[in-house]
Amino acid sequence: MKIIVCIKQVPDTKGGVKFNPDGTLDRGAMLTIMNPDDKAGLEAALRIKDATGAEVTVITMGLPKAADVLQEAIAMGADKGVLVTDRVLGGADTWATSTTLAGALRKLDYDLIITGRQAIDGDTAQVGPQIAEHLGLPVISYAQEIKVDGDSVVVKRVYDDGYHMVKAKMPCLITALSELNEPRYMTPGGIFDAVNAEITTFGRADLVDVDDSDLGLKGSPTKIARASDKVRKGAGEKIVAESPEDGVNYIVGKLLDKHVI
Amino acid sequence: MDFTLDKKYEMAQNLFKDFAQNEVKPLAQEIDEEHRFPRETVDKMAKYGFLGIPVPKELGGQGCDILTYAMCVEELSKVCGTTGVIVSAHTSLCVDPIVTYGTPEQKAKYVPDLASGKKLGAFGLTEPGAGTDAQGQQTKAVLDEATGEWILNGSKCFITNGKEADVYIVIAVTGVVEKRGRKMKEISAFIVEKGTPGFSFGTKENKMGICASSTYELIFTDCRIPKENLLGQKGKGFSIAMHTLDGGRIGIAAQALGIAEGALETTINYVKERKQFGRSIAQFQNTQFQLADMATKVEAARLLVYKAARKKDEYQAGAKVSYSVEAAMAKLYAAEVAMEVTTKCVQLHGGYGYIKEYDVERMMRDAKITEIYEGTSEVQRMVISANILN
Amino acid sequence: MNKMGAMNAEEYAKYKGVYVFAQQVDNVISGISFELIGEGKRLAEQLGVDVTAVLIGSDVKGLADELAEYGADKVIVVDDPELKNYRTEPYAHALASVINEYKPEIVLVGATAIGRDLGPTVSARVKTGLTADCTLLEIADFPINPIPGQEQKHNQLLMTRPAFGGNTIATIACPDNRPQMATVRPGVMQKLEKKPGAKAEVIEFNPGFTPDNKYVEILEISKAVSDIKDIMDAKILVSGGRGVGSAENFKILEDLAEALGGQVSCSRAVVDSGWMPRDLQVGQTGKTVRPNVYFAIGISGAIQHVAGMEESDIIVAINKDEDAPIFDVADYGVVGDLNKIVPQLTEAIKAQMASK
């Protein structure tokens, strides 16, 4: 069985968010991590590997530096890494990204594709289902459990009000929730191997059945009209309660003023 | 000299940092207060190969090196000195001598289980009457010619991983030899397994720091161990012990470095938040200068520790070098920096620093032992001065 | 090959009207559907067109009137047994077929666990762009300010959305392709007042459904057993964070909520600690709420939390940490011990209520 996991390198919010003067994210100034939903997807794939000996390939699209996230995945236990990078791919929206990844995936063998539900930088949750659509695969989004059952997968698909247990024949695509599992750490030995592991690089020429007009910025139907860091509501009043009664009287007074009570 | 770290070390540091933050830090205060050995953490470290970092892959280890191992102890110790020393004592004092001096059979029998963390290791040299002075050893091993077994009698004290370990390296007197006309004790090293009849545990030490570390007395009463459990040549036990401690000192130096760094990081955050006289105490020049001095010393300690680790890596790779002096310097300096930095960090915390809720209180207690075990600072000075005067 | 290509002017001009996906589950229309009709109507009026609800399911025709009562001018019903429960493929086929047949200029879908699966699949199928999880929609020019050498298109849908955990906001347009598609965050748009008896033109449409490999099999359906009212409907929320200290201590928040006729909600840390169920979580990864009054008690105010509650009319914060970021968004902040203040506040409010 061959599993391909799509992963993305994203800025880490834990170290704080940095902005450029024009309000866009200063990605260069922030540390990067493997996107959490993707990491859960990778862990799901590695558990299938542990149980069945499946081969796990990780693929990412990005700048050459994104190879870091592939090495991390290999240090966790993935077998192979594929980096899709080319100048013409820059500025892609979810359509162009999914078109690109679909083009790369057509060049690879797979029974199962796993993506994270959404990336913490874009928060779109669109690339997974769009890849499936481009490849003509069944998609099961929001997976909280994944089991392989012969030539099918059985997935716990979460909804706002419960879940469905869904069965799909492979090949298919699953989008993983970070609640799916607790991803494993790398191992020190895995790191030493990963830095020497060969990463396959795909450029524009390697993408199968993809038109130039569907790539990068010019292949992106959505365009940014405006971007900025969020203007927040200003702070209101604040008192330091010298005693609990102080605080209580203050709040009750405000609630009365506003006719809440 | 190259001061930059390869990417693999950066990745390994990130791994150890993440693990320490997520798995070790949340327990640090609790296990200290309860004096409870963190078995759950040891199991997790075993799962991720942290107990066999410098061990070759053929023996079930991670196939990394001493520098990576030192970084692991450092990062763990930043949040919990106890967890750091568990890894250090296991790796440097038990696994390393078996890998270095063991027969192929001994290696095959013990190392894979130790490197995978299925078993934990410890090392017994110190006795009530003999610390770093090996000639004061009283524990005896006598060969029973009839059965071919060694019979051990005596006791070892202050043994890290004491009751929790499964495999112990034990140093014992196996006879008397004459050297330059003087009668000297002949010392040998043995591998002793937990559960061997006649091997029991004495008092659990109630310590000032590294409280969650299992520190016990080992007692041997007509304890019979197989002949093949002699480690290295008979009579080479002292040199095995000394060589083992050279490596151990790198681990303890890394522990001390980690404790100092942990205290400094915590304190930097604290002084930014803590307000006195209407401004954060980070704005006072006294605070700033103290932090500057501490950061400089910590950085110097790091360079010494990493250099000693790299020197041992060169040695392991086959270079004819000794890392004994580097290890002694690293341990001496890092331990004294740890004590100084944690003491100052407690001071910068004021009253809060003296309260157990704040990490620096524990860190200051944990730091002290690094100046004592695996050769006191005085012994390190002896090692260093003997080398420079030679 | 799924090629987008440029849409020619003649084809582009055929796309008219605002369509919303009227999500229903078990033949009950989801609240988001009414919100989308309300917002769709507002946009449609600016464009001088109708708002059409697309109702997809099995035996759902009877729900069309309810959509009309909330403002739908037309309802397109795709009714087929294959559509009984939500599955990506038959639903995507239904919605994509409606789009290809009727050519709307705008399609809005709720950013729910259904819509965020359906939306991307449909957008890829009909070859257009999609903007996720929008919180503000407007009709304006693109580019917003004229750029020499670039055509400024009028009557474009500008879609504003937070990204990066609420740290940034971006406004997105889809100027060269039709329809312009967005998924819209639940709880943000306003539904219209219900007009009982209002009727819409109902159009039945069935593109035909032929199961293939993409029709997944549903083995089991489980509904979360919960009698908890949706926090998104609450007028007053008493929300607790890590500072509350324990699951048991939420009792004092429940008492306050009861005194005020409100409900308890919580931050992510509380859910992660297992003190409260996920249904009650406010924030980027939880629910977006906009009650009349939001009490943030023992909540530090991480940006991911604030993203889910900052639209509340009045925010009252109680926290022992004077520098907690929650005070940056609170209208009324009290620095103090919640364990002492909250029970006394409950008593004081009860006393006030009793005196009236």
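Look up a bit, the structure's there.
Residues numbered from 1 in each chain as written. Chains lettered and ligands numbered in written order. Predicted model: local features only at pLDDT ≥ 70, side-chain atom pairs only at ≥ 80, totals over all residues.

Novice: Go over the overall build of chain C with me, naming the residues and quoting the values.
Specialist: Assigned secondary structure in chain C consists of nine helices and 18 strands. Over its C-alpha atoms chain C spans a radius of gyration of 23 Å, differing by no more than 12% from the 21 Å that the globule rule assigns to 356 residues. Dimensions of chain C along its principal axes, counting C-alpha atoms only, are 70 × 55 × 40 Å. Taken across its 356 residues, chain C has 54% of its residues classed as buried. By sequence separation, contacts in chain C at least 24 residues apart represent 66% of the contacts at least 6 residues apart. (Helix = DSSP H or I, 4+ residues; strand = E, 2+ residues; numbered from the N terminus. Rg over C-alpha atoms; globule rule 2.2 N^0.38 Å. Buried ≥ 20, exposed ≤ 12 C-beta atoms within 10 Å, placed from the backbone. Contact = placed C-beta atoms within 7 Å.)

Novice: Outline the interface of chain B and chain A, supporting the account with residue identities and numerical values.
Specialist: Chain B puts 15 residues into the contact, and the matching count from chain A is nine residues. Broken down by element, the residue count for the side of chain B that touches chain A peaks at seven residues, all from helix α1 (residues 7-34) of chain B. Residue composition of the side of chain B that touches chain A, by class: seven nonpolar, four polar and four charged. (Nonpolar A, V, L, I, M, F, W, Y, C, P; charged D, E, K, R; others polar.)

Novice: So what's going on with the sheet that holds strand β12 (residues 201-204) of chain C? Which residues, and what values?
Specialist: All names here are of chain C. Taken together, seven strands build an open sheet; the order of strands is β7-β11-β6-β1-β4-β5-β12 and the sheet is parallel. The open sheet has two edge strands, β7 (130-134) and β12, and neither has a second partner. The average undirected angle you get between the axes of adjacent strands in this sheet is 25°. Relative to strand β4 (residues 51-57), strand β1 (residues 18-22) is paired through five bridges, and the arrangement is parallel. Bridge pairing in β4 places V18 opposite V51. Where helix α2 (residues 31-47) meets the sheet, its contacts fall on β1, β4, β6 (106-110) and β11 (180-184), and the angle it forms with β1 comes to roughly 175°. Helix-sheet contacts for helix α4 (residues 88-102) involve β1, β4, β5 (74-79) and β6, and the interaxial angle to β4 is about 150°. (Pairing = 2+ DSSP bridges. Axes fitted to C-alpha atoms, helices over the stretch in contact; angles between N-to-C directions.)

Novice: Could you give an account of the sheet that holds strand β17 (residues 314-319) of chain C, naming the residues involved and the relevant values?
Specialist: The six strands are arranged β13(A)-β18(C)-β17(C)-β16(C)-β14(C)-β15(C) in an open sheet whose pairing can be described as parallel. Edge positions in the sheet fall to β13 (237-240) of chain A together with β15 (263-266) of chain C, since each of these pairs with one other strand and no more. Going from strand to strand, the sheet's axes swing by 20° on average, the running direction of each strand aside. Looking at chain direction, β17 of chain C and strand β18 (residues 332-335) of chain C are connected through four bridges and run parallel. Paired with N319 of chain C across the two strands is V335 of chain C, which belongs to β18 of chain C. In this fold helix α6 (residues 250-260) of chain C packs onto β14 (236-240), β15 and β16 (293-297) of chain C, with an angle of close to 170° to the strand it touches most, β14 of chain C. In the packing of helix α9 (residues 338-354) of chain C onto the sheet, contacts are made with β16, β17 and β18 of chain C, and the angle to β17 of chain C comes to roughly 135°.

Novice: Hey, could you go over the interface of chain A and chain C for me, with residue numbers and the actual values?
Specialist: Listed per partner, the contact involves 71 residues of chain A and 80 residues of chain C. Residue assignment for the side of chain A that touches chain C shows that the elements contributing at least two residues are α3 (94-105), α4 (127-135), β7 (139-149), β8 (152-159), β9 (162-169), β12 (223-229), β13 and α6 (244-257) of chain A. Here the side of chain A that touches chain C is built from residues that sort into 32 nonpolar, 17 polar and 22 charged.

Novice: An account of helix α7 (residues 285-316) of chain B is requested, with residue identities and associated values reported.
Specialist: Residues and elements named next belong to chain B. With 32 residues, α7 ought to run about 46 Å at 1.5 Å a step, and its terminal C-alpha atoms sit 46 Å apart, in line with that. Within the sequence span of α7, burial applies to M294, V298, A301, R302, L304, V305, Y306, A308, A309, K311 and K312. On its buried face, α7 is in contact with α3 (66-79), α6 (237-273) and α8 (324-349). Immediately beyond the C-terminal end of α7, within one or two residues, lies G318, with a positive phi of roughly 110°. (Expected span 1.5 Å × (residues − 1).)

Novice: Outline the environment of G262 of chain B, supporting the account with residue identities and numerical values.
Specialist: Residue and element names in this part refer to chain B. By the secondary structure assignment, G262 is in helix α6. On the neighbour-count criterion, G262 (32 C-beta atoms within 10 Å) is buried. Each C-alpha atom, one on G262 and one on A70, is 15 Å from the other, the two residues being 192 residues apart in sequence. Apart from the residues lying within four places of it in its own chain, the contact partners of G262 are S77, K78, V79 and M363.

Novice: Quick rundown of the nonpolar core? Include the residues and the values.
Specialist: Soluble globular proteins tend to pack their nonpolar side chains together in the buried interior. Ranked by size, the top nonpolar core spans 265 residues in total, and within it V305 and A334 of chain B together with L55, L67 and L95 of chain C carry the most contacts. Here V305 of chain B is in contact with A70, I250, A253, A254, L257, A330 and A334 of chain B, once residues within four sequence places are set aside. If you look at the next biggest cluster of nonpolar residues, it comprises 53 residues, including Y250 of chain A together with A269, V329 and L338 of chain C. (Core = buried A, V, L, I, M, F, W, Y, C linked by C-beta atoms within 7 Å.)

Novice: Now, about the arrangement of the chains: what can you tell me, with residues and values included?
Specialist: Contacts between protein chains span two pairs of chains, and they are most numerous for chains A and C. With no contact formed, the shortest span from any C-alpha in chain B to any C-alpha in chain C equals 9 Å.

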